[in-house]
Amino acid sequence: MTITSAVYPGSFDPITYGHIDIVRRAKKLFARLLIAVVANPNKTPFFSIEERVAITKAALDEVGITGVEVISYDGLLIDCAKAYKVDAIVRGLRANSDFDYEFQMALTNRDLDSDIETVFFMTAGRYSFLSSSIVKEVKRYGGDVSSFVPGCVEQALARKFGH
Ligand code: PNS
């Protein structure tokens, strides 16, 4: 079987240029790519799941990425992959510190369904430090995040922080 479709899951709280870089590159590999904004009970999200979906769609629009479906999912990632009939899960890897968690997730997901492969993309060097948490922290104190996120994301952060 040739893998043609993939889901790129995450909290996307909010989406950053690091995520967008992975989307652009994954799009070249997979004929069908979905972004799944996943409700992650291990984290208390800053934006609601509806807000994260809307912001993710607006960000893709702003940077001119078309043909990527954005969905939300509350449940096991592997069930999301099956429900949407995709063959692979895409994840980005930044530094070494991501590895243990990603390895654990990939092996768990493979155990749950060995037909669905996890495919990793190495982050672009310039985004290797970037995370949604860092963006929120900088913006909370009024810092400039324009090199980290598209304008619509920056505006959503500003509104939420009441700037
Ligand atoms: O952007 P994040 O927070 O690193 O994404 C983590 C996410 C949402 C992909 C992960 O927590 C997840 O898959 N959650 C769904 C629940 C699940 O399937 N857990 C078992 C996988 S080990």
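In case you missed it, the structure is sitting above this.
This one's a predicted model, so the numbers in the text were calculated from it and none came from an experiment. (Residues numbered from 1 in each chain as written. Predicted model: local features only at pLDDT ≥ 70, side-chain atom pairs only at ≥ 80, totals over all residues. Heavy atoms only, no water.)

1. Quick notes on the site of the ligand
Okay, step 1: Within the structure, the ligand sits among 13 residues, and Ser11, Asn40, Lys43, Leu77 and Arg91 are positioned closest to it.
Okay, step 2: Lys43 is positioned with one of its side-chain polar atoms (N or O) 2.6 Å from an oxygen atom of the ligand.
Okay, step 3: Measuring from an oxygen atom of the ligand, one finds a side-chain N or O atom of Arg91 at 2.9 Å.
Okay, step 4: Calculation on the ligand without its partners gives an accessible area of 550 Å², and the protein chains cover 82% of this total.
Okay, step 5: The cavity that encloses the ligand is the largest pocket.
Okay, step 6: Each residue belonging to the shell around the ligand can be placed in one class, and the counts come to 5 nonpolar, 6 polar and 2 charged. (Near = heavy atom within 4 Å. Polar contact = N/O pair within 3.5 Å; in protein donor to acceptor, adjacent residues only side chain to side chain. Areas by Shrake-Rupley, 256 points an atom, 1.4 Å probe, with all protein chains shown as cover. 1 Å grid on protein atoms, 1.4 Å probe; cavity = no way out; pocket = protein on both sides within 12 Å on 5 of 7 lines; lining within 4 Å. Sits in = over half its atoms within 2 Å of the grid points. Nonpolar A, V, L, I, M, F, W, Y, C, P; charged D, E, K, R; others polar.)

2. Brief notes about helix α2 (residues 49-63)
Okay, step 1: For α2, spanning 15 residues, the distance from its first C-alpha to its last is 21 Å, which sits close to the expected 21 Å at 1.5 Å a residue.
Okay, step 2: Those residues of α2 lying buried are Arg52, Val53, Ile55, Thr56, Ala59 and Leu60.
Okay, step 3: Where the residues of α2 are buried, they touch α1 (17-29), β2 (32-38), β3 (68-73) and α6 (151-161).
Okay, step 4: Gly64 occupies a position one or two residues after α2 and carries a positive phi of about 80 degrees. (Helix = DSSP H or I, 4+ residues; strand = E, 2+ residues; numbered from the N terminus. Expected span 1.5 Å × (residues − 1). Buried < 20%, exposed > 50% of the residue type's maximum accessible area, 1.4 Å probe, protein only. Contact = heavy atoms within 4.5 Å.)

3. Concerning the sheet that holds β2
Okay, step 1: If you trace the 5 strands from one edge of the open sheet to the other, you get β3-β2-β1-β4-β5, paired in parallel fashion. The open sheet has two edge strands, β3 and β5 (117-122), and neither has a second partner. Mean inter-strand twist for the sheet, computed between neighbouring axes without regard to direction, equals 30 degrees.
Okay, step 2: Pairing analysis gives 2 bridges linking strand β1 (residues 5-10) to strand β4 (residues 88-93), with the strands arranged parallel. Each residue of the ladder has a partner; that of Ala6, found in β4, is Ala88. (Pairing = 2+ DSSP bridges. Axes fitted to C-alpha atoms, helices over the stretch in contact; angles between N-to-C directions.)

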